[in-house]
Amino acid sequence: MWKEFKAFITRGNVIDLAVGVIIGSAFTAIVKSLVSTLINPLIGIFIGGIDFSKMAYTVGSAKFKYGSFINSVISFLITAFVVFLLVKAINKIMPRKEVTPKETKTEHLLMEIRDELKASNNHDKGPQA
């Protein structure tokens, strides 16, 4: 069982995933800081100095902090946009390898029959004027 676990954990995909999660969590901290310290104040300038994080709606004793939700949406959109740009850049740097499917025996035989039929049809027509 230990050998199976060791083989699983040292597989490339698992390690790549772990690195991705670690980098992603660090990137999330950067994006949260960007949103709270730069973007929200900038948006606040244009909409009258409103601080999203303090926006809330109270019903009875319940307090709905929709401003925090707005901050989370902004963070998500920025993160998604940056990931989009990264994927786009990586796709430019590393072009996709075209996968050519292997030809099956049946396909090969069908192509031979097609080619022979084409050849016999052209041969039956004779020389064209």
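Residues numbered from 1 in each chain as written. Predicted model: local features only at pLDDT ≥ 70, side-chain atom pairs only at ≥ 80, totals over all residues. Heavy atoms only, no water.

1. Notes on the confidence of the model for the chain
- With 91% of its residues at a pLDDT of 70 or more, the chain has an overall mean of 80.
- Considering each helix and strand of the chain separately, the mean pLDDT is smallest for helix α1 (residues 2–9), with a value of 78, and largest for strand β2 (residues 62–64), with 90. (pLDDT = per-residue confidence, 0-100. Helix = DSSP H or I, 4+ residues; strand = E, 2+ residues; numbered from the N terminus.)

2. Digging into a nonpolar patch on the surface
- On the surface, Tyr-57, Val-59, Phe-64, Tyr-66, Phe-69, Val-73, Phe-76 and Leu-77 cluster together into a nonpolar patch covering about 860 Å² of accessible area.
- Of all the elements in the fold, those that place two or more residues in the nonpolar patch are β1 (57–59) and α3 (66–93).
- It is α3 that provides the largest number of residues to the nonpolar patch, a total of five residues.
- The topology assignment puts Val-73 in helix α3.
- Residue class for Val-73 comes out partly exposed when judged on its relative accessible area of 33%. (Patch = residues over 30% accessible without salt bridge, like charges linked within 9 Å, V, L, I, M, F, W, Y side chains within 5 Å. Areas by Shrake-Rupley, 256 points an atom, 1.4 Å probe, with all protein chains shown as cover. Salt bridge = Lys/Arg side-chain N within 4 Å of Asp/Glu carboxyl O. Buried < 20%, exposed > 50% of the residue type's maximum accessible area, 1.4 Å probe, protein only.)

3. What to know about the nonpolar core
- Core analysis: the largest hydrophobic core is formed by six residues, namely Val-31, Val-35, Phe-52, Met-55, Ile-74 and Ile-78.
- Sequence-distant contacts of Phe-52, defined by excluding residues within four places in its chain, comprise Asn-40, Ile-43, Ile-47, Gly-67, Ser-68, Ile-70, Asn-71 and Ile-74. (Core = buried A, V, L, I, M, F, W, Y, C linked by side-chain atoms within 4.5 Å. Contact = heavy atoms within 4.5 Å.)

4. Some thoughts on α3
- End to end, α3 covers 41 Å across 28 residues, agreeing with the expected 40 Å (1.5 Å per residue, within 8%).
- Within α3, burial applies to Gly-67, Asn-71, Ile-74, Ser-75 and Ile-78. (Expected span 1.5 Å × (residues − 1).)

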